[in-house]
Amino acid sequence: MADGGTSSMIMLVTALLISGGASAVLISEWGDALRVVQINERASSDKDDVSVALAGDPAMVAHNTTASTITLYFVNTGKFDLDAANYEVLINGDAPTSSTATVQPSGTDWNPGYLLAITLSNNSWSFSDGDDVSVYFIGVSERVNGYTHSAVADAEVRLNAFA
């Protein structure tokens, strides 16, 4: 009978050691999982603070009929800087053949509240005064807590032609 008690005691101690080791591993993994969730949650909350909008009167967008250019203004409406060089603009779903951008008023950093003036050109455009066109803009933020986030704006605008 003493044998049964000793072997049961050995099995109990062994089970306790194994379960203690397993719980230490689970607690460690739980801490790692919690850190990942917190990082992703922080990135997600930062994403809500990255935004852009079309600036100016959408019924009076400058269109130079001689040079086949359209000039658009976008304002950084978020809380973080946007990348002034990394963007894409589509006019009626078509990409322009060339574009130039300047940040106003700084000229370099597209900070919150600043404008990005983009002049788009495409010789195949045959727009005239009063044409309505669809504008789609997508840009990215500067690195925020190790992540970059996209900012999107779309609008229907009316071209105001000049030569």
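Residues numbered from 1 in each chain as written. Predicted model: local features only at pLDDT ≥ 70, side-chain atom pairs only at ≥ 80, totals over all residues. Heavy atoms only, no water.

A count of helical and extended segments in the chain gives one helix and eight strands. Each helix and strand of the chain, ordered N terminal to C terminal, gives the series α-β-β-β-β-β-β-β-β. For 163 residues, the compact-globule estimate of 2.2 N^0.38 gives 15 Å, and the chain exceeds it by more than 25% at 29 Å. Reported as C-alpha extents along the three principal axes, the dimensions of the chain are approximately 105 × 30 × 25 Å. Counting across all 163 residues of the chain, residues that qualify as buried make up 26%. Sequence separation of 24 or more characterises 68% of the internal contacts of the chain that already satisfy a separation of 6 or more. Total accessible area on the chain is roughly 9800 Å²; 57% of this is exposed by carbon and sulfur atoms. (Helix = DSSP H or I, 4+ residues; strand = E, 2+ residues; numbered from the N terminus. Rg over C-alpha atoms; globule rule 2.2 N^0.38 Å. Buried < 20%, exposed > 50% of the residue type's maximum accessible area, 1.4 Å probe, protein only. Contact = heavy atoms within 4.5 Å. Areas by Shrake-Rupley, 256 points an atom, 1.4 Å probe, with all protein chains shown as cover.)

Here the structure, examined in full by the defined rule, presents one salt bridge. We note a salt bridge from Asp132 to Arg158, for which the minimum N-O separation is 2.8 Å. Highlighted residues: Asp132 in strand 7 (residues 132-141) and Arg158 in strand 8 (residues 150-162), separated in sequence by 26 residues. Classification of Arg158 by relative accessible area gives partly exposed; the value is 37%. (Salt bridge = Lys/Arg side-chain N within 4 Å of Asp/Glu carboxyl O.)

Among the nonpolar cores identified, the biggest contains 25 residues, and Leu72, Phe74, Val89, Ile91, Trp110 and Phe137 are the most heavily contacted of them. Taken together, the elements giving at least two residues each to this core come down to strand 3 (69-76), strand 4 (82-91), strand 6 (115-121), strand 7 and strand 8. Per-element accounting of this core gives the leading share, five residues, to strand 4. Residue contacts for Leu72: discarding those within four places in its chain leaves Leu54, Val61, Val89, Ile91, Leu116, Ala117, Ile118, Leu120 and Val135. (Core = buried A, V, L, I, M, F, W, Y, C linked by side-chain atoms within 4.5 Å.)

When a strand is regular, its side chains alternate between the sheet's two faces. Of all seven residues in strand 6, five are buried, a share of seventy percent or more. As paired strands, strand 3 and strand 6 are joined by seven bridges and run antiparallel to one another. When the sheet's bridge partners are listed, Thr69 is paired in strand 6 with Ser121. As paired elements, strand 5 (residues 98-104) and strand 6 share seven bridges and run antiparallel to each other. Paired with Ala101 across the two strands is Ile118, which belongs to strand 6. (Pairing = 2+ DSSP bridges.)

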